[in-house]
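Below, each chain spelled out in residue letters.
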Amino acid sequence: MLLVVGVYVVAGNLAGEAGGTVRKLAKGAVPAAYQALVEKWGNKCPAINPALLAAQLYQESGFNPRAQSPAAAQGIAQFIPGTWATHGVDGDGDGDKDVWDPNDAIPSAASYDCSLASYVKDVPGNLTENMLASYNAGAYAVIKYGGVPPYQETRNYVKTITTLEESFAAPVSRVDPSKQAAGAIYYAQKKLGTPYLWGGTGTAEQGGRFDCSGLTQAAYASVGITLPRVANDQYNAGPHPSRDELLPGDLVFLSNDLSNSRAIHHVGIYVGGGYMIDAPRTGAVIRFDPIDTPDYFGATRVTEDGAKALPTTV
């Protein structure tokens with residue numbers, strides 16, 4: 001959450017600075033309504049990029065513009081009122097600064113990141129990591145310790161966001177295969193023929209039945225990786241290989257909106273040859289199905305760090 005107001009206040013506008021490392025967003029990783037904003041403002045200063053900004057927004061609210069936390073953090077970027085009063089900007093130029101409007105809140109999140117980066121620009125180490133640490137612990141702590149301070153919460157926050165960044169960025173090289181993929185496939189194969197159950201996670205009370213994301217969750221749990229419960233969050237558990245780079249064990253996804261990962265409605269485990277093991281629907285059984293359908297969205301190569309970085313609720 002955007003809970004920390006830096007010790008220093010900088011009024012300058014960094015919009016004219018050169019953008020950071022250009023990292024294209026993965027296909028549909030950001031809802032289409034916000035993609036242009038994230039791409040534009042994610043290049044506001046060298047410390048951020050669109051994938052990093054997307055990771056922050058997902059971590060904070062799951063891209064929900066009406067999100068509100070028990071600590072009174074508000075909107076898609078989860079600003080608390082005091083921080084918004086200082087760092088909120090009129091991103092769309094309509095004359096007001098509305099924390100509930102992503103057209104203001106997303107530019108404000110990027111601007112706040114860049115302000116924090118300006119506070120710690122002379123601190124040794126990685127500028128982005130120091131910026132994220134400032135976001136969590138305050139710029140004074142980063143300056144005091146000459147980098148990311150030795151606070152477990154802060155170090156976890158930095159690692160979480162930089163890891164999630166990888167699931168929002170389009171890969172620039174081939175993605176390494178998962179070591180656990182074969183075990184996940186083995187688990188799923190043993191469930192072939194099991195009747196589908198909506199909401200099923202394989203418990204004894206459910207007769208060992210699954211729905212689509214319950215099956216993939218259980219398959220990866222069998223090899224020590226904890227995935228979120230629903231398919232559209234499982235999409236963020238690692239980087240995204242292209243269709244021609246798929247390997248057995250990759251999660252493959254179908255979506256009602258090919259521009260929006262939040263609209264994913266189905267997931268299976270790729271087994272090769274254009275097929276997945278999946279729990280398709282009520283009245284069917286766990287089986288092999290082709291992945292090349294009109295609603296094929298994309299794939300995720302699950303990583304341990306990627307899965308651990310996902311918020312438990314968004």
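Report follows, based on the coordinates. (Residues numbered from 1 in each chain as written. Predicted model: local features only at pLDDT ≥ 70, side-chain atom pairs only at ≥ 80, totals over all residues. Heavy atoms only, no water.)

### Details of a nonpolar patch on the surface
- Together, Leu 192, Tyr 275 and Phe 288 make up a nonpolar patch on the protein surface, roughly 280 Å² of accessible area in all.
- Residue placement: Tyr 275 occurs in strand β3 (residues 275-278).
- Looking at Tyr 275, the relative accessible area reads 41%, which means it is partly exposed. (Patch = residues over 30% accessible without salt bridge, like charges linked within 9 Å, V, L, I, M, F, W, Y side chains within 5 Å. Areas by Shrake-Rupley, 256 points an atom, 1.4 Å probe, with all protein chains shown as cover. Salt bridge = Lys/Arg side-chain N within 4 Å of Asp/Glu carboxyl O. Helix = DSSP H or I, 4+ residues; strand = E, 2+ residues; numbered from the N terminus. Buried < 20%, exposed > 50% of the residue type's maximum accessible area, 1.4 Å probe, protein only.)

### Brief notes about helix α8 (residues 181-190)
- Those residues of α8 that sit buried are Ala 181, Ala 184, Ile 185, Tyr 187 and Ala 188. Across the axial projection of α8, the buried residues extend over an arc of 160°, all falling on one side. Those residues of α8 that are exposed and angled more than 90 degrees off the buried face are Ala 182, Tyr 186 and Lys 190.
- The secondary structure elements touched by the buried residues of α8 are α9 (212-221), β2 (264-272) and β3. (Arc of directions from axis to C-beta. Contact = heavy atoms within 4.5 Å.)

### Focus on the state of the cysteines
- A complete count under the given rule lists 1 disulfide for this structure.
- Each sulfur in the disulfide pair Cys 45 and Cys 114 lies 2.1 Å from the other. The S-S bond linking Cys 45 to Cys 114 shows a torsion near -95°; that makes this disulfide left-handed. With a gap of 69 residues between them, Cys 45 in the loop between α1 (32-41) and α2 (50-61) and Cys 114 in helix α4 (residues 102-119) connect regions that are remote in the sequence. The pair formed by Cys 45 and Cys 114 is uniform in burial state, with each residue classed as buried. (Disulfide = S-S within 2.5 Å.)

### As for the pairing of β3
- Across 3 bridges, β2 lies against β3 in antiparallel orientation. Within β3, the residue paired with Ile 269 across the bridge is Ile 277.
- With antiparallel pairing between neighbouring strands as the criterion, β2 and β3 make up a hairpin whose turn holds 2 residues, including Gly 273 at a positive phi of roughly 65°. (Pairing = 2+ DSSP bridges.)

### Here we look at the packing of aromatic side chains
- Taken as a whole and assessed by the stated rule, the structure comprises 11 aromatic pairs.
- Ring centres of Phe 63 and Phe 168 lie 6.0 Å apart, and the angle between their planes is 70°; on these two criteria the pair is classed as edge-to-face. Taken together, the residues span a long stretch of sequence, with Phe 63 in the loop between α2 and α3 (81-87) and Phe 168 in helix α7 (residues 152-168) at a distance of 105 residues.
- Judged by its relative accessible area of 5%, Phe 63 falls in the buried class. (Phe/Tyr/Trp six-rings, centres within 6.5 Å; stacked < 30°, edge-to-face > 60°.)

### Focus on the layout of surface pockets
- Considered as a void within the structure, the largest pocket measures approximately 360 Å³ in volume.
- Around the largest pocket, the lining is made up of 20 residues, and of these Val 175, Asp 176, Pro 239, Arg 301 and Thr 303 lie nearest the centre.
- Along the lines of polarity and charge, the residues of the lining of the largest pocket split into 8 nonpolar, 4 polar and 8 charged. (1 Å grid on protein atoms, 1.4 Å probe; cavity = no way out; pocket = protein on both sides within 12 Å on 5 of 7 lines; lining within 4 Å. Points joined across faces, edges and corners; volume = space filled by probe spheres on them. Nonpolar A, V, L, I, M, F, W, Y, C, P; charged D, E, K, R; others polar.)

### Digging into the sheet that holds strand β5 (residues 296-300)
- Pairing in this open sheet of 5 strands is antiparallel, and the strands run β4-β3-β2-β1-β5 from one edge to the other. The open sheet is flanked by β4 (287-290) and β5, the only strands paired with a single partner. Sheet twist, expressed as the mean angle between neighbouring strand axes with direction ignored, is 40°.
- Pairing geometry for strand β1 (residues 251-255) and β2, over 5 bridges, is antiparallel. Following the sheet pairing, Ser 255 is matched in β2 by Ile 264.
- Packing of α8 onto the sheet brings it into contact with β2 and β3, and relative to β2 it is tilted by some 105°.
- Against the sheet, α9 engages β1, β2 and β3, with an angle of about 45° to β2. (Axes fitted to C-alpha atoms, helices over the stretch in contact; angles between N-to-C directions.)

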